[in-house]
Amino acid sequence: MPPVIHESSQKRWQNWHQSYIQKLELLVDVWNEDASQSTVPGYIDTTRGLQGLIQRALTQRLELRGLGGGWSFTKAPATSGILVNTRPLNYLFPAPRTHPAHPGRREDLLFTQCGVSVAELNHFLKRIGKSLTTSGASNGQTIAGAIGTGTHGSNLETGAMQDFVVGLHLVVSPDRHVWLERASAPVINDEIPQKLGAELVRDDALFNAALVGLGGFGLVHGVLMEVVDLYYLQAYRRRMPLTEELWRAFDQLDFSGITLPGPPGLKPYHFTAVINPNDMDRGVFVTVMYKHARCPEGSTPPSPGSKLTQGDNGLEIIGVLTDMVSELTIPLLSRLMDRFYTEYENVCGTHGELFTDTTTRGKAWGSAVAVPLGRVRETVELALAINRAQPFPGLFGLRYTLPSRATLAFTQHAPMTCILDIDGTASTRTKSYNRRVWQQLAKSSIPHTYHWGKFHELDGPAVRGRYGEAHVNAWLEARRTLLPTPELRAAFANDYLRGLGLA
Amino acid sequence: MSKRAAALLCLGLSSACAHYRVQAPGAAGASATEAQGEVLWSLGWGLVQERPRVDNCQDQALAEVTQSTNVGFALISVLTLGLAMPQRVEWRCAKAQPTPGDLGVRPVAPPATAEGP
Ligand SMILES: Cc1cc2nc3c(=O)[nH]c(=O)nc-3n(C[C@H](O)[C@H](O)[C@H](O)COP(=O)(O)OP(=O)(O)OC[C@H]3O[C@@H](n4cnc5c(N)ncnc54)[C@H](O)[C@@H]3O)c2cc1C
């Protein structure tokens, strides 16, 4: 039975944080015909339904774009043509059969439809004794949307979310859909793509490019991911003076000069900092989490009802605060931080319990710039100097991940990428502050890249300069291979990609 | 305009653009669909009340309902002394919770050896 494609009468669409309104031809919600049970025939029928939408776009010469949670601040998910809301597509298929060469266990694999949200993944995985290795600080993204821009957390042992993905089912034209994975690391048993009617393509370059595909590689229908046994995080947040030793921890992840909160001798699994640039005399907030097979005795569970939760970062803080007061001033931000973003000790829960729901919409505005380890202090000091000249009511966040293998991942800096989040209210002051930081960074020698889902002002030459000619060319080449006709490439382009020189 | 009418108008306008959102807590508040909306009329001081036609949720619950008014709606309400009161209602459907499936190519379990008489 074909999927249910509900056509909305609305001709305008707004993203989650209401940072823009996009006029469009058609917005559709796509539901599996039987939404209550994950079945292979249902999945295959939905693939056909998605192909029908591509056909319609081609016939009517319209663009077509997959929509996830709509959480991107940028126009990555926007289109003037057909916007395909994939959130209702949330079938789950645990433990698929693996390729004989795959060294891992099939229990550590999960195949899902594109619209499964991070929250749903966390809940489902906990039920089967499993967990994601990482995610962003909150959980409203869909799996396809999250990897589409390279969503990251701050886990010192893994990369960003796309880095636990090992297979993609891409619907690329009205008569072709492919199962893509790395030739160097085949994972799925050949029978599965066959059964789904998908063409099996094992190719490292194509896979790495499509991982952070910005919606430009067709519709992602299914995602195969590697998960791990359920683990628990013992979490601490403390306000610490920004000493030379703490700077060294931020810059090099060298913790030797400081005493981190928590049990001595354990290596942090998660490490972040939140800095209020206008209130640094009282120190900066450091959050550390340690990984355990079960919660240590004496720890307390996270409190799910509170406004801000243990894993929240700058953006969530600003989102919560701007839901309460629409205009944040510098003194008000400090006072509200004192009240809502507090220190805590020895709280323990699963990954999904600590990086949990954000339902605030607020008037938050976020940008994120990634730099290599060793250039972190320089970057933060540059941002602080600009704030001293023209202070803005906002927060800096520091998060870390291993470099990604995805061709256009913005978390690409080796040996480790640090992401400086700059979050504030959606005000002219925040925007002009950020613009100054971007201009100064462009003049500096610091290698840096910007989050595709958060605000930036990149254009074609800047993308080539920042992400590297070779990466951009490889990404475009892979896109040409998977979408071989100009019509298909035009259908899966949008203003955002064109502006970046990636269409 | 009489003082009384002006006061009424001010009262109406002060509530203009009000926006209320009711959202299911936690993950249940994460919606499957984009917002769908209708303008609903309450006529005859509430004697006739329109109901939204929610036909896009595929038997799933609602994740979020938003009710809003604007200057125009407030003016209509004030000018008709409450006889006609429009408001905009928007909703988003909740996600389904499908049971997990089997990709269908699990290795065939060896047939149980029949032991018995
Ligand atoms: C409150 C909040 C917190 C955030 N926290 C973090 C964080 O901690 N870390 C971080 O890195 N980022 C964070 N972000 C940014 C966010 O994670 C990214 O922008 C992410 O891409 C959004 O995912 P989404 O599901 O909303 O996708 P969308 O914004 O809907 O789409 C993102 C891209 O994916 C494409 N896409 C979506 N679904 C499909 C599909 N089925 N097929 C093809 N293409 C598709 C879209 O076309 C678009 O190009 C946050 C954003 C918000 C609003």
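Just so you know, these numbers come straight off a predicted model, no measurement behind them.

(A) Here's a closer look at the site of the ligand. Residues and elements named next belong to chain A. Around the ligand sit 37 residues, and of these G66, W71, S72, A137 and T149 come closest. Here an oxygen atom of the ligand and a backbone polar atom of G68 are 2.9 Å apart. Within the contact set of the ligand, an oxygen atom lies 2.7 Å away from a backbone nitrogen or oxygen of A137. Protein chains bury 99% of the 970 Å² of accessible surface belonging to the ligand in isolation. At the level of elements, β5 (64–67), α3 (143–149), β13 (219–226) and α7 (314–324) are the ones that each hand at least two residues to the shell around the ligand. Top contributing element to the shell around the ligand by residue count: α3, with 5 residues. The residue makeup of the shell around the ligand, split by class, is 13 nonpolar, 20 polar and 4 charged.

(B) The arrangement of the pairing of strand β16 (residues 270–275) of chain A in detail. Residue and element names in this part refer to chain A. Of all 6 residues that make up β16, 6 are buried, and the element is covered over most of its length. Here β16 runs beside strand β17 (residues 284–292); their pairing, made up of 5 bridges, is antiparallel. Each bridged residue has a counterpart across the sheet, and for F271 the counterpart in β17 is V288. Two elements, β16 and strand β20 (residues 394–401), share 3 bridges in a ladder whose sense is antiparallel. By the bridge assignment, I275 is partnered in β20 with F396.

(C) Examining the sheet that holds strand β4 (residues 62–68) of chain B more closely. All names here are of chain B. Read across the sheet, 5 strands follow the order β1-β4-β5-β2-β3 without closing on themselves; strand pairing throughout is antiparallel. Across the chains shown, the open sheet's two edge strands, defined by having one partner strand only, are β1 (19–23) and β3 (48–49). Two strands pair when backbone bridges link them, and strand β2 (residues 36–43) and strand β5 (residues 84–93) are joined in this way by 8 bridges, in the antiparallel orientation. When the sheet's bridge partners are listed, S42 is paired in β5 with M85.

(D) Focus on the nonpolar core. Counting 133 residues, the largest nonpolar core has F250, Y400 and W452 of chain A as its most contacted members. Listed in part, the 16 residues of the second largest apolar core include L109, I192, L196 and L224 of chain A.

(E) Spotlight on the pairing of strand β4 (residues 26–31) of chain A. Residues and elements named next belong to chain A. With respect to burial, β4 is a largely interior element, 6 of its 6 residues being buried. Residue alternation in β4 divides its side chains into two sets, L26, V28 and V30 and L27, D29 and W31, and both sets are buried. Sheet analysis places strand β1 (residues 4–8) next to β4, joined by 5 bridges and oriented antiparallel. Looking across to β4, one finds that I5 is bridged to V30. Both β4 and strand β6 (residues 82–85) contribute to a ladder of 4 bridges, which runs parallel. Across the sheet, residue V28 finds its bridge partner in β6, namely V84.

(F) Looking closely at the packing of helix α10 (residues 376–389) of chain A against helix α11 (residues 428–443) of chain A. Residues and elements named next belong to chain A. Where α10 contacts α11, the axes come no closer than 10 Å and their chain directions differ by 135°. Classified by the angle their axes make, α10 and α11 are oblique. As α10 runs across α11, the sense of the crossing is right-handed. Residues T379, L382, A383, L384, I386 and N387 of α10 touch α11, and the partners they reach there are Y433, R436, V437, Q440 and L441.

(G) Local environment of the sheet that holds strand β19 (residues 364–372) of chain A. Residue and element names in this part refer to chain A. With respect to topology, 8 strands assemble into an open sheet ordered β18-β15-β17-β16-β20-β21-β19-β22, the strand pairing being antiparallel. Taken across any chain shown, the strands that pair with only one partner, and hence form the sheet edges, are β18 (344–350) and β22 (449–450). Along the sheet, helix α8 (residues 330–340) contacts β15 (232–240), β16, β17 and β20; its crossing angle with β20, the most-contacted strand, is approximately 55°.

(H) Summary view of the pattern of salt bridges. Residue and element names in this part refer to chain A. If you walk through the whole model with that rule in mind, you get 32 salt bridges over all chains. Close ionic contact of D421 with R399 constitutes a salt bridge, the shortest N to O distance being 2.9 Å. You can see D421 sitting in strand β21 (residues 417–425) and its partner R399 sitting in strand β20, a full 22 residues away along the chain. No difference in accessibility class separates D421 from R399, as the two residues are buried. Linked through salt bridges whose partners overlap, the residues forming this network are R105, D108, K130 and D229.

(I) Structural view of the interface of chain A and chain B. If you look at the interface, chain A gives 45 residues, while chain B gives 32 residues. Across the chain A/chain B interface, buried area totals approximately 3000 Å², and carbon plus sulfur atoms make up 53% of it. At the junction of chain A and chain B, the tally comes to 2 salt bridges. Residues E34 of chain B and R87 of chain A are paired through a salt bridge, measuring 2.8 Å at the closest nitrogen-oxygen approach.

(J) A look at the packing of helix α12 (residues 460–467) of chain A against helix α13 (residues 469–482) of chain A. All names here are of chain A. At their nearest, the axes of α12 and α13 sit 6 Å apart, and the two run at 115° to each other. Here α13 runs roughly perpendicular to α12, going by the angle between their axes. Between α12 and α13, the residues in contact are V463, R464 and Y467 and E469, H471, V472, N473 and L476, respectively. Within the contact of α12 with α13, the residues separate by chemical class into 4 nonpolar, 2 polar and 2 charged.

(K) A look at the environment of Q10 of chain A. Position of Q10 of chain A among the secondary structure elements: in the loop between β1 and β2 (12–14). What makes Q10 of chain A partly exposed here is its relative accessible area of 24%. In this structure, the C-alpha to C-alpha distance between Q10 of chain A and I422 of chain A, residues 412 residues apart in sequence, is 33 Å. Residues in contact with Q10 of chain A, not counting those within four places in the same chain, are L24 and L27 of chain A together with A35 of chain B.

Calculation notes
- Residues numbered from 1 in each chain as written.
- Chains lettered and ligands numbered in written order.
- Predicted model: local features only at pLDDT ≥ 70, side-chain atom pairs only at ≥ 80, totals over all residues.
- Heavy atoms only, no water.
- Near = heavy atom within 4 Å.
- Polar contact = N/O pair within 3.5 Å; in protein donor to acceptor, adjacent residues only side chain to side chain.
- Areas by Shrake-Rupley, 256 points an atom, 1.4 Å probe, with all protein chains shown as cover.
- Helix = DSSP H or I, 4+ residues; strand = E, 2+ residues; numbered from the N terminus.
- Nonpolar A, V, L, I, M, F, W, Y, C, P; charged D, E, K, R; others polar.
- Buried < 20%, exposed > 50% of the residue type's maximum accessible area, 1.4 Å probe, protein only.
- Pairing = 2+ DSSP bridges.
- Core = buried A, V, L, I, M, F, W, Y, C linked by side-chain atoms within 4.5 Å.
- Axes fitted to C-alpha atoms, helices over the stretch in contact; angles between N-to-C directions.
- Parallel < 35°, antiparallel > 145°, perpendicular 65-115°, else oblique.
- Left-handed = near helix turned anticlockwise from the far one by under 90°.
- Contact = heavy atoms within 4.5 Å.
- Salt bridge = Lys/Arg side-chain N within 4 Å of Asp/Glu carboxyl O.
- Buried area = accessible area lost by both parts, 1.4 Å probe.

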